[in-house]
Amino acid sequence: MKKKYLSIPILLLFTLLFSCNDKKLTEVVEVPLPAIEEKLVVGSPDDVKADQGSFQLEKLPYAYDALALNLSATTLETHYSKHYLTYTNNLNRAILGTPLENLTIEEVLAKLDLNDATLRNNAGGFYNHSLYWKCMGPKSEGEPKNALSDAIIKDFGSFQNFISLFKDEATKQFGSGWVWLIVDRTGKLQVTSTPNQDNPLMKNAVVPGTPILAIDLWEHAYYLDYQNRRKNYIDAFLNVVDWIKIEENYNAVAKN
C-alpha cells in the first residue's frame, strides 16, 4: 500500500464520551496550540477493519483524499477510521448474544429499545454513517436526473427549492444530529432532521420514512476543515453529493 504524506497544521482532536448516568453523548474538543506543523500519514480505508461481529464497515467507495477540495483527507480518515469504526465495534458488542444479532441493521433499528442508550446510539451511528459515505463521491453530477429529478420537482416545486430547504434544515439543527432526504410512508419526498444518532427508521421519528440522502452534522464531520462555519461545510457537502447514487437509493425504495 502506498501511503500519502500531507504537511498540515495540527488542529483539533475529537473524543466521543458516553455517560451511563445521564445517557447523553458529549463531544469533547481539545484545542492544542496552533501553527505547529507535522507530517501526517494518510492511509487507505481498505486497511480499516472492524472486530469480528454481525456488522462490518461499509467500504468507502473512494480514497480519503478524493474529496479534498471540499473535505480534507484528514477529516475523512479520522471520521471513517475512528468514529465510524467505534460505532461499528460498539454495535457488535451490544447485540452479541441477543436476538438482534442475526437481523439486518434496518430490523435492529425498528426493534431496538429506545431506552437502551448504548444500542440506540451505536446502531444509529452505524446505519447513519454507512449511508453518509455512499451519498458522496468525487464526480458529482450537480443535480439529480430521471425519476428522482421528477419526484423532487413534484414534491418541492424545483431542485433549488429542495436545496434551500435542505440547507435551512441543516443550518438550524441545534447541536449534533443529521438532516435527511427521505421517502415517507406515502411515497413522498421529505426533508427532516434527527438529533444525535437517531434516524427516520426509529420508532421515535417525528417524520418516519426511508432515508436516501444524509448529512452528518456532528462537529467531527467538519470541524477540522471549517471550525464553526457549519454553513460552509453544508455547501461543501452538497458539492460532492453523488446524485447517481441518490437516485439508485430512491429507485430501490420506490420499487418496494
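Refer to the structure presented above.
Everything numeric here is computed off the predicted structure, so don't read it as measured data.

1. Side note on the environment of Leu201
- Relative to the assigned elements, Leu201 resides in the loop between β6 (189-195) and β7 (209-216).
- On the basis of relative accessible area, Leu201 is assigned to the partly exposed category, the value being 21%.
- In this structure the C-alpha to C-alpha distance between Leu201 and Glu107, which are 94 residues apart in sequence, comes to 9.1 Å.
- Ignoring any residue separated from it by four or fewer positions in sequence, one finds Leu201 in contact with Glu106, Leu109, Ala110, Tyr127, Gly209, Thr210 and Pro211.

2. A few points about unusual backbone geometry
- A positive phi is found at Asn146, a non-glycine position, where the angle reads about 55 degrees.
- Counting through the fold element by element, Asn146 comes out in helix α4 (residues 146-156).
- The phi angle at Asn196 is positive, at roughly 50 degrees, despite the residue not being glycine.

3. Quick notes on the nonpolar core
- Ranked by internal contacts, the top residues of the largest apolar core, which has 71 residues, are Phe162, Leu189, Leu213, Tyr233 and Phe237.
- Contact partners of Leu189, with chain neighbours within four places excluded, come to Leu148, Ala151, Ile152, Asp155, Phe156, Leu181, Ile182, Val183, Ile212 and Tyr250.

4. Thoughts on helix α7 (residues 230-239)
- Every buried residue belonging to α7 is among Arg230, Tyr233, Ile234, Ala236, Phe237 and Leu238, and all of these are buried.
- Looking at the packing, one finds that the buried side of α7 touches α3 (117-135), α5 (159-172), β7 and α6 (223-226).

5. Quick look at the pairing of β6
- Pairing analysis gives seven bridges linking strand β5 (residues 177-184) to β6, with the strands arranged antiparallel. Within β6, the position partnered with Ile182 by the bridge is Gln190.
- Here β5 folds back onto β6, and the loop between the two strands holds four residues, one of which, Gly187, carries a positive phi near 90 degrees.

6. Quick look at the packing of aromatic side chains
- If you walk through the whole model with that rule in mind, you get 16 aromatic pairs.
- Consider the rings of Tyr132 and Trp178, whose centres lie 5.9 Å apart with planes at 85 degrees: the pair is edge-to-face. Linking Tyr132 in helix α3 with Trp178 in strand β5, this pair joins segments that are 46 residues apart in sequence. Side by side, Tyr132 and Trp178 carry an identical accessibility label, which is buried.
- Where Phe162 meets Trp243, the ring centres are 6.1 Å apart and the plane angle is 80 degrees; that geometry is what we call edge-to-face. Of this pair, Phe162 sits in helix α5 while Trp243 is found in helix α8 (residues 243-255), placing the two residues 81 residues apart along the sequence. Taken individually, Phe162 and Trp243 each receive the classification buried, so the pair is uniform in this respect.
- One aromatic cluster is present, formed by Phe55, Tyr64, Tyr80, Tyr84, Phe126, Tyr132, Trp133, Trp178, Trp180 and Phe237 through successive ring pairs.

7. A short note on the environment of Val183
- Following the sequence through the fold, Val183 ends up in strand β5.
- When its relative accessible area of 7% is taken as the criterion, Val183 is described as buried.
- With sequence-adjacent residues up to four places away left out, Val183 is seen in contact with Lys188, Leu189, Gly209, Thr210, Ile212, Tyr250 and Val253.

8. Some remarks on the pattern of salt bridges
- According to the stated counting rule, one finds nine salt bridges in the structure shown.
- Ionic pairing is found between Arg93 and Asp51, a salt bridge with its closest N-O pair at 3.9 Å. One end of the pair, Arg93, is in helix α1 (residues 73-95); the other, Asp51, is in the loop between β4 (37-42) and α1, and 42 residues separate them in sequence.
- For Arg93, a relative accessible area of 52% corresponds to the exposed category.

Calculation criteria
Residues numbered from 1 in each chain as written. Predicted model: local features only at pLDDT ≥ 70, side-chain atom pairs only at ≥ 80, totals over all residues. Heavy atoms only, no water. Helix = DSSP H or I, 4+ residues; strand = E, 2+ residues; numbered from the N terminus. Buried < 20%, exposed > 50% of the residue type's maximum accessible area, 1.4 Å probe, protein only. Contact = heavy atoms within 4.5 Å. Core = buried A, V, L, I, M, F, W, Y, C linked by side-chain atoms within 4.5 Å. Pairing = 2+ DSSP bridges. Phe/Tyr/Trp six-rings, centres within 6.5 Å; stacked < 30°, edge-to-face > 60°. Salt bridge = Lys/Arg side-chain N within 4 Å of Asp/Glu carboxyl O.

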